[in-house]
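This is what each chain is made of:
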Amino acid sequence: MRIFTAALATETNTFSPICVDRRAFEASLYAPPGLHPETPTLCSAPLTVGRRICIEKGWDLIEGTAAWADPAGLVNRSTYEGLRDEVLTQLRAAMPVDAVVLGLHGAMVAAGYEDTEGDILARVREIVGPDILVCAELDPHSHLTAKRLAAADFFVYFKEFPHTDFVDRAEDLWRIAVDTLEGRLRPVMSVFDCRMIDVFPTSRDPMRSFVDKIMRLEKEVADILSISVIHGFMAGDVPEMGTKMLVVTNDKREKGEALARELGLELFSKRGTFIMPQIDEIEAVARATAATSWPVVIADVWDNPGGGTAGDATVLLRELLDQGVRGAAVGTIWDPMAVQICMAAGEGAEIPLRFGAKSAPGTGNPIDGVVKVVKLVVNAEMQFGKSIAPFGDAVHVTLDGIDIILNSTRAQSFDPSLFSVMGIDPMSKKILVIKSTNHFYASFSKIAAEIIYCSAGTPYPNNPAKTPYRRAPKNIWPMVADPHGQ
């Protein structure tokens, strides 16, 4: 067997002012054929898992380019077309192949392309023809379109949010692919449109129990190969935005359709109950300072670079300063210019600095003060499960007794190593302020005495009922109360 694999992924917040060009991919991951590291990134696990599978099977794995950019706004058209055509050229050179196994995200939008994944999958299908297996692993915070369903044989999505299972789901992808190539399976996809958009953290009920249920069904029900919840991505203003249920069966379309509908309506019945309760910045800081055990983690859930925001909001930091808090650490505030100034000043310098809140309205105001430059790190990185997440050249400064990390590559706060790599012991702090919706939970919950979810400012379109969508469907919940008429 000859298998071609590649990855091209980012998550596009169409409301974000941060545009994506080729440099953004190069800052996060750009690995030409054969140069991808052993450790996968979020959307490139099909490549690294494929290496092991193909060695075990004695098959030839032809690696194409793997590229990933941290979530942001619209992708530059020439950047998308260039990376897409790079992968397609590699596929043509690899022909003939028996299968194409891809790592995609599912919420990328480029100038001129509302459905980039549909575009690349359709072009792959055109190259390989109708009989060659085409499959992909994707992020559930994405859009499942008719064009993608028409072009591929099957999809597997991460089940967990936080996405701790991207390697496990790549294993599922390859298991189904191998069984298909060896003639034991014929995967068929069935989809139910839940006609809703919501946020589904799996670290708490009801979504925890729902994911446990679908994993049991995969094991116990005959001919069910994979079940995925496509959460949807509410910051993606595209025509097919919304939550979908996907069931992959072994040539049992009607069975898959019935199960997808049953599960989809169950999910819909719990709408509005999934997301964690949130409080504003004033209450969050007051509650954290009143705590008697530490560290208390305050998650700035909507200024989350993982959702495409800049990550430069200062609303929570301003509240810490105004309440005279000591013993807090903030990670991170994105400000490449401030990082450059501190790099020039050097460790130990005390300098006047303005930083943060440059990207958009609703992110607060820039912070002004005399800061001490404590530590400089070039090309800083933190852990993210089995992967590494870069956050660029970074600076640890102090201001009025608060430790602050400024970074030059946007990244959400995945892991306490974010602080330790910058010379801050997270266990020594009373309060840790991080920027993440829920990906932080897997690692920070292990050290936190308490976790507070905070909605501070308006950097993200987090209320679909009020978001000024132009392209997204208007006939889904919460835009309408009951689109299923039940």
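Residues numbered from 1 in each chain as written. Predicted model: local features only at pLDDT ≥ 70, side-chain atom pairs only at ≥ 80, totals over all residues. Heavy atoms only, no water.

**Some points on the sheet that holds strand β14 (residues 387-399)**
Point 1. Ordered in space as β12-β13-β14-β15-β11-β16-β10-β17, the 8 strands form an open sheet in which the pairing is mixed. Both outer strands of the open sheet, β12 (350-355) and β17 (450-454), are each paired with one neighbouring strand and no more. The average angle at which neighbouring strand axes cross in this sheet is 30°, direction not considered.
Point 2. Note: β14 against strand β15 (residues 402-407), 6 bridges, orientation antiparallel. Along β15, the bridge assignment pairs L399 with I402.
Point 3. This element, helix α11 (residues 336-345), spans β11 (328-334), β12, β13 (367-384), β14 and β15 of the sheet and lies at about 170° to β12. (Pairing = 2+ DSSP bridges. Helix = DSSP H or I, 4+ residues; strand = E, 2+ residues; numbered from the N terminus. Axes fitted to C-alpha atoms, helices over the stretch in contact; angles between N-to-C directions. Contact = heavy atoms within 4.5 Å.)

**Details of the pattern of salt bridges**
Point 1. In total, this model carries 35 salt bridges according to the counting rule given.
Point 2. Here R318 makes a salt bridge to D322, at a shortest N to O gap of 3.2 Å. Here the residue R318 and the residue D322 both occupy positions in helix α10 (residues 315-322), the gap between them amounting to 4 residues, near one helical turn.
Point 3. A relative accessible area of 54% means that D322 is categorised as exposed.
Point 4. Connected via shared salt-bridge partners are K57, D179, E182 and R184. (Salt bridge = Lys/Arg side-chain N within 4 Å of Asp/Glu carboxyl O. Buried < 20%, exposed > 50% of the residue type's maximum accessible area, 1.4 Å probe, protein only.)

**A closer look at the environment of R470**
Point 1. Within the fold, R470 resides in the segment after β17.
Point 2. Residue R470 is classed as exposed on the basis of its relative accessible area of 75%.
Point 3. Once the C-alpha coordinates of R470 and P239 are considered, the two residues, 231 residues apart in sequence, prove to be 8.9 Å apart.

**Quick word on the UniProt feature "domain: Microcystin LR degradation protein MlrC C-terminal" (unreviewed entry) in the chain**
Point 1. Per the UniProt record, "domain: Microcystin LR degradation protein MlrC C-terminal" (unreviewed entry) is annotated on residues 298-471.
Point 2. For the annotated span residues 298-471, helix accounts for 15% and strand for 36% of the residues, and the straight-line distance between the end C-alpha atoms is 34 Å. (UniProt positions renumbered as here; feature names shortened; annotations may be inferred.)

**Thoughts on the side chain of S16**
Point 1. Mapping S16 onto the fold places it in the loop between β1 (2-9) and α1 (22-28).
Point 2. Residue S16 is classed as buried on the basis of its relative accessible area, which comes to 11%.
Point 3. Polar contacts involving the side chain of S16 include one to the main-chain amide nitrogen of I18, which spans 3.1 Å.
Point 4. Those residues within four positions of S16 in sequence are excluded, and the remaining contacts are A72, G73 and G308. (Polar contact = N/O pair within 3.5 Å; in protein donor to acceptor, adjacent residues only side chain to side chain.)

**Points about the pairing of β12**
Across a regular strand the side chains alternate sides, sitting on one face of the sheet and then on the other.
Point 1. Side-chain alternation along β12 places I351, L353 and F355 on a buried face and E350, P352 and R354 on a face that remains uncovered.
Point 2. Two elements, β12 and β13, share 6 bridges in a ladder whose sense is antiparallel. Counterpart to F355 in the pairing with β13 is I367.

**Overview of the packing of helix α9 (residues 281-289) against α10**
Point 1. Following both chains from N to C, one finds α9 and α10 inclined at 50°, their axes separated by 9 Å at the closest point. Viewed along their axes, α9 and α10 adopt a mutual orientation that is oblique. Relative to α10, the crossing made by α9 is right-handed. Counting all contacts with α9, which are made through E281, I282 and V285, the residues of α10 involved are V315, L316, E319 and L320. (Parallel < 35°, antiparallel > 145°, perpendicular 65-115°, else oblique. Left-handed = near helix turned anticlockwise from the far one by under 90°.)

**Some details on the nonpolar core**
Point 1. Ranked by size, the top nonpolar core spans 116 residues in total, and within it F25, V100, F154, F155, F391 and F419 carry the most contacts.
Point 2. Broken down by element, this core gets its largest block of residues, 9 residues, from helix α6 (residues 166-181).
Point 3. Mapping this core onto the domain boundaries places at least three of its residues in each of domain 1 (2-270) and domain 2 (281-454).
Point 4. Among residues more than four places away in sequence, those in contact with F154 are L133, V134, C135, A136, L173, I176, A177, P187, M189 and V248.
Point 5. Counting residues in hydrophobic clusters, the runner-up holds 38 residues, among them I279, A349, L406 and I431. (Core = buried A, V, L, I, M, F, W, Y, C linked by side-chain atoms within 4.5 Å. Domains from an automatic or database assignment.)

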